[in-house]
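Secondary and tertiary structure notes
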Amino acid sequence: MAYFKSLPSYMCNSYQVRTDDDGPYGNDETRCFLLTTFSYLTKTTMACVVCRMDMLVYDKYPLINGTFFLSSESYDGCAIELSKQQQQQYLNAVCIGCMNAKTRKIVCKFCRKEWKGNSLVIGSMYNYDIFGAMSCCSQRFNCRKCGNPTRDFPPKDGRFFCFSDCTKMATCGRCGLEAQHSIKPLAAVFDDVIVNNNNNNDNNKNNNNNNNLENNSAVGCKSESKNESKREDD
């Protein structure tokens, strides 16, 4: 867990890094759900949707060197398709480096505001889309189909705009499409910026096949056997 060692000291606490509960081992719905899913699929890694780095999945908290999240959008070819609460959803993940803009950072195409995931809990799972829920401008809510505005941002009534508002279903007044319009492919709303940082040399060695967001494809899903043979050669 080299990434955890690189975290600033103020982030190394149980509020920002998910740790094991005091209760009996396995008495946790999130962990059981994830471990059962990966066991069924015989997978041990998950790719970051931003930089495409493969992350090992652990059987104890923190479960991953980043965070999992559920979404109606499959952000890359390695997202895991599943059914949860009778809805078709996808399990995605973002690594610590991209959450803290150390590996890559993504900025909104419209307002140029940087997306930051440093407030998210590391090593756990969110039951909502972390990109759609952290929308930064009104263009993020334009219709997925025709681009027509679907809601005011911020709301005209002046109330607080919480994350659940961002991911609510809405009907487009022009084309009639009902969808979570703030949830779109990353390439449609973000520009990808590679961060040149000497602290990321180890990550770059393990991530030679990074693609930009517009070229995301299933090629990022590399077999673990190749990674193991590379380690043996080293």
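Structure report, in brief. Each chain carries its own residue numbering, running from 1 in the written order of its sequence. Only residues with pLDDT of 70 or above have their local features reported here, since the model is predicted, and side-chain atom pairs are shown and tallied only from 80 upward, although totals for entire chains, interfaces and linings are computed over all residues. Remark: hydrogens and water are excluded; side-chain values derive from all non-hydrogen atoms of the structure.

Section: the environment of Tyr58
- Examined against the element boundaries, Tyr58 turns out to sit in the loop between strand E2 (54-56) and strand E3 (66-71).
- Spatially, the C-alpha atoms of Tyr58 and Thr44 are 8.1 Å apart, while their sequence positions differ by 14 residues. Under the scheme used here, helices are H or I runs from DSSP no shorter than 4 residues and strands are E runs no shorter than 2 residues, and both carry numbers assigned from the N terminus.

Points about the side chain of Ser124
- Assignment of secondary structure puts Ser124 in the loop between strand E6 (104-108) and strand E7 (125-126).
- When a residue's accessible area, from a 1.4 Å probe over protein chains only, is under 20% of the maximum for its type it is buried; when over 50% it is exposed; and in between it is partly exposed. Accessibility expressed as a relative area gives 11% for Ser124, which makes it buried.
- Whether two residues are in contact is decided by their heavy atoms, any of which lying within 4.5 Å being enough. Not counting residues up to four positions away in its chain, the partners in contact with Ser124 are Arg18, Thr30, Tyr61, Gly66, Thr67 and Phe68.

Some details on the side chain of Asn148
- Of note, Asn148 is situated in the loop between E7 and helix H4 (163-166).
- Whenever a nitrogen or oxygen atom comes within 3.5 Å of another N or O atom, the pair is scored as a polar contact, on the condition that within protein one atom can donate a hydrogen and the other can accept it, and that pairs from neighbouring residues in sequence are kept only if both atoms are in side chains. There is a polar contact of 3.4 Å between the side chain of Asn148 and the side chain of Arg174.
- Dropping the residues within four chain positions of it, Asn148 is found in contact with Phe141, Asn142, Cys143, Cys172, Gly173 and Arg174.

Digging into the packing of aromatic side chains
- Two rings belonging to Phe, Tyr or Trp (six-membered ring only in the last case) form a pair when the distance between their centres is within 6.5 Å. Interplanar angles under 30 degrees mark stacking, angles over 60 mark edge-to-face geometry, and anything in between is tilted. Tallied over the full model, the rule gives 7 aromatic pairs.
- Taking the centre distance of 4.7 Å and the plane angle of 45° together, the rings of Trp115 and Phe131 count as tilted. Here the residue Trp115 occupies a position in the loop between E6 and E7, and Phe131 occupies one in the loop between E7 and H4, the gap between them amounting to 16 residues.
- Of the residues examined, Phe131 reaches a relative accessible area of 1% and is grouped as buried.
- Aromatic rings pair up to connect Phe69, Tyr75, Trp115, Phe131 and Phe190 into one cluster.
- Lysine NZ or arginine CZ positioned within 6 Å of the ring centre and within 35 degrees of the ring normal marks a charge as sitting over the ring. Over the ring of Tyr61 we find Arg18; its NZ or CZ atom is 4.0 Å from the centre of that ring.

These values are about where atoms sit, not about what they do.
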